[in-house]
Structure formats: C-alpha cells, structure tokens
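Listed below, chain by chain, are the residues.
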Amino acid sequence: MMTTFENLTKSQKLRASLHRDVQAICKETCHNLGLDITKPSMEVIAELVYKKLSIYALDLEAFAKHAKRSTINSDDVLLLVRRNPSLKAHLSGLISNQPSTSKDKRRKTNVATNVKETPTSTKSKPGIESEKLDKEIVNKEKKDKEKEIENDLKMDNRIKDMSIDGTIDLTFD
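Rules and cut-offs
Residues numbered from 1 in each chain as written. Predicted model: local features only at pLDDT ≥ 70, side-chain atom pairs only at ≥ 80, totals over all residues. Heavy atoms only, no water. Salt bridge = Lys/Arg side-chain N within 4 Å of Asp/Glu carboxyl O. Helix = DSSP H or I, 4+ residues; strand = E, 2+ residues; numbered from the N terminus. Buried < 20%, exposed > 50% of the residue type's maximum accessible area, 1.4 Å probe, protein only. Phe/Tyr/Trp six-rings, centres within 6.5 Å; stacked < 30°, edge-to-face > 60°. Lys NZ or Arg CZ within 6 Å of the ring centre and 35° of its normal. Disulfide = S-S within 2.5 Å. Contact = heavy atoms within 4.5 Å. 1 Å grid on protein atoms, 1.4 Å probe; cavity = no way out; pocket = protein on both sides within 12 Å on 5 of 7 lines; lining within 4 Å. Points joined across faces, edges and corners; volume = space filled by probe spheres on them. Nonpolar A, V, L, I, M, F, W, Y, C, P; charged D, E, K, R; others polar. Expected span 1.5 Å × (residues − 1). Axes fitted to C-alpha atoms, helices over the stretch in contact; angles between N-to-C directions. Parallel < 35°, antiparallel > 145°, perpendicular 65-115°, else oblique. Left-handed = near helix turned anticlockwise from the far one by under 90°. Core = buried A, V, L, I, M, F, W, Y, C linked by side-chain atoms within 4.5 Å. Patch = residues over 30% accessible without salt bridge, like charges linked within 9 Å, V, L, I, M, F, W, Y side chains within 5 Å. Areas by Shrake-Rupley, 256 points an atom, 1.4 Å probe, with all protein chains shown as cover.

If you check an unreviewed UniProt entry, the protein chain appears there as Centromere protein S from Papilio xuthus.

## A word on the pattern of salt bridges
Where side chains of opposite charge bring their charged atoms close, a pairing between them can arise. Applying the stated criterion to the full structure yields 5 salt bridges. For Glu61, the salt bridge identified is with Lys65, shortest N-O distance 3.8 Å. Of this pair, Glu61 and Lys65 both sit in helix α2 (residues 39-66), separated by 4 residues, roughly a single helical turn. On the basis of relative accessible area, Glu61 is assigned to the partly exposed category, the value being 39%. When the shortest N-O distance is used, the salt bridge between Asp144 and Lys140 registers 3.8 Å. In this pair, Asp144 and Lys140 are both assigned in helix α6 (residues 126-162), 4 residues apart and thus about one turn of the helix distant. The partly exposed category is assigned to Lys140, whose relative accessible area is 35%.

## With respect to the packing of aromatic side chains
Considering all chains together, one arrives at 0 aromatic pairs under this definition. A cation sits over an aromatic face here: Arg15 above Tyr50, 4.0 Å from the ring centre.

## Thoughts on the state of the cysteines
Counted according to the given criterion, the structure contains 0 disulfides. Cys26 takes part in no disulfide bond, and the closest cysteine sulfur to it belongs to Cys30, at a distance of 6.2 Å. We classify Cys30 as buried; its relative accessible area is 12%.

## A short note on the environment of Leu18
With respect to the helices and strands, Leu18 occurs in helix α1 (residues 10-33). Exposure remark for Leu18: the relative accessible area of 17% places this residue in the buried category. Excluding its chain neighbours within four sequence positions, the residues that come into contact with Leu18 are Ala46, Val49, Tyr50 and Leu53.

## Re the layout of surface pockets
Of the voids in this model, the second largest pocket is the one considered here, and its volume is about 960 Å³. Looking at the second largest pocket, it is lined by 27 residues, and the ones nearest its centre are Leu58, Asp59, Ala62, Phe63 and Glu148. Of all the elements in the fold, those that place two or more residues in the lining of the second largest pocket are α2, α3 (74-80) and α6. Classifying every residue of the lining of the second largest pocket gives 10 nonpolar, 3 polar and 14 charged.

## Brief notes about α1
For α1, built from 24 residues, the straight-helix expectation of 34 Å at 1.5 Å per residue is met to within 8% by its first-to-last C-alpha distance of 34 Å. Following α1 by one or two positions, Gly34 adopts a phi angle in the positive range, close to 75°.

## A short note on the packing of α1 against α2
At a closest axis distance of 9 Å, the pairing of α1 and α2 adopts a crossing angle of 125°. In terms of orientation, α1 lies oblique with respect to α2. Between α1 and α2 lies a crossing of right-handed hand. Counting all contacts with α1, which are made through Ser11, Arg15, Leu18, His19, Val22, Gln23, Cys26 and Lys27, the residues of α2 involved are Lys39, Met42, Glu43, Ile45, Ala46, Glu47, Val49, Tyr50 and Leu53.

## Observations regarding the nonpolar core
Grouped together as the largest cluster of nonpolar side chains are 6 residues: Leu18, Val22, Cys26, Met42, Ala46 and Tyr50. Residue assignment for this core shows that the elements contributing at least two residues are α1 and α2.

## Quick notes on a nonpolar patch on the surface
A contiguous nonpolar surface patch, about 360 Å² in accessible area, is contributed by Ile45, Val49, Leu53, Ile55 and Tyr56. Along the chain, Ile55 falls in helix α2.

Written out as structure tokens, the structure is:
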C-alpha cells in the first residue's frame, strides 16, 4: 500500500522532497552531459546528501549554542564552510551585500589579559584570575569535545540503523 505525502511525518516529507529534488538535479545534469544514471545511483546520492545536511545541521546548532545563542546566524555558516575557501569567499560576499538587521549584543567580560598592570594591580595576586580563566576554558573545551563525540556516536548509530548488511535501506520508518 502506498502512503500519500500528506500522511507522512515532517521528517519523512523532508527526506522524500530531498530525494525528489536530487533525482531531478541528477537527471538534468546527466542529460546536459550526455550521461546515463541509474535510479539506485540517484537514491544513494540523495541519501548521502541527506546525511551530510544532517551533520551540517548538528554543527550549526552546536556553533550557535557555543555562542550562547538560540538562533543560527551567518557567522555560524561561515564557520561551517571555513575549510572551503572559495565557498567561504562567495558567502562572505553575499553577506557583505546584505544590510545588517541584527544588533551586536556582546557581553562585557573582565579578562585578566585586558587589564593593564598598574603598581596597585600587581600587589594583588596577578596570576590567580588568569589561571582560573584558563581552567574554565579547558573545562569548557573538554565538555564541548565530549558533546561532539556524543553527537558523532548518535549520527553513527542513525547510519547503522539505516543500513542492512552494508546496503542502505531507503524505506521510510
């Protein structure tokens, strides 16, 4: 029995739409290049795109959370594409052409490295605040790394759930 699109969950609708769009792109590209492509090949490409976008979504969410924001912004996207110089340059150009609508809300922090040493400030224990800050940073980095490993394991488990004997199961749950 075939399920109608309206009866699918949001996740299933997203996946089905992505598969449809990837197939259309594959057919058009292969037609323009004079190539043939099989339906299973298009399905594998669509699944790879879906998995890559899922990873991107998790990364963007983590970047925003790390910056103590609940909204993903252009800085997060630029951080995501930092290893692709041409894409980063293209996106930076697009962003610079857009008018800025958000106000820059940054917390003021009293960091020991920003404080100028004066004869009175050197009398107090100068390295303790800096050491405390360093320990906090190390602990935060440790927690972020643990969370990243946890997210990687979750993604690996999702991928394992989708495969049977090394083949990808493209059916909807």
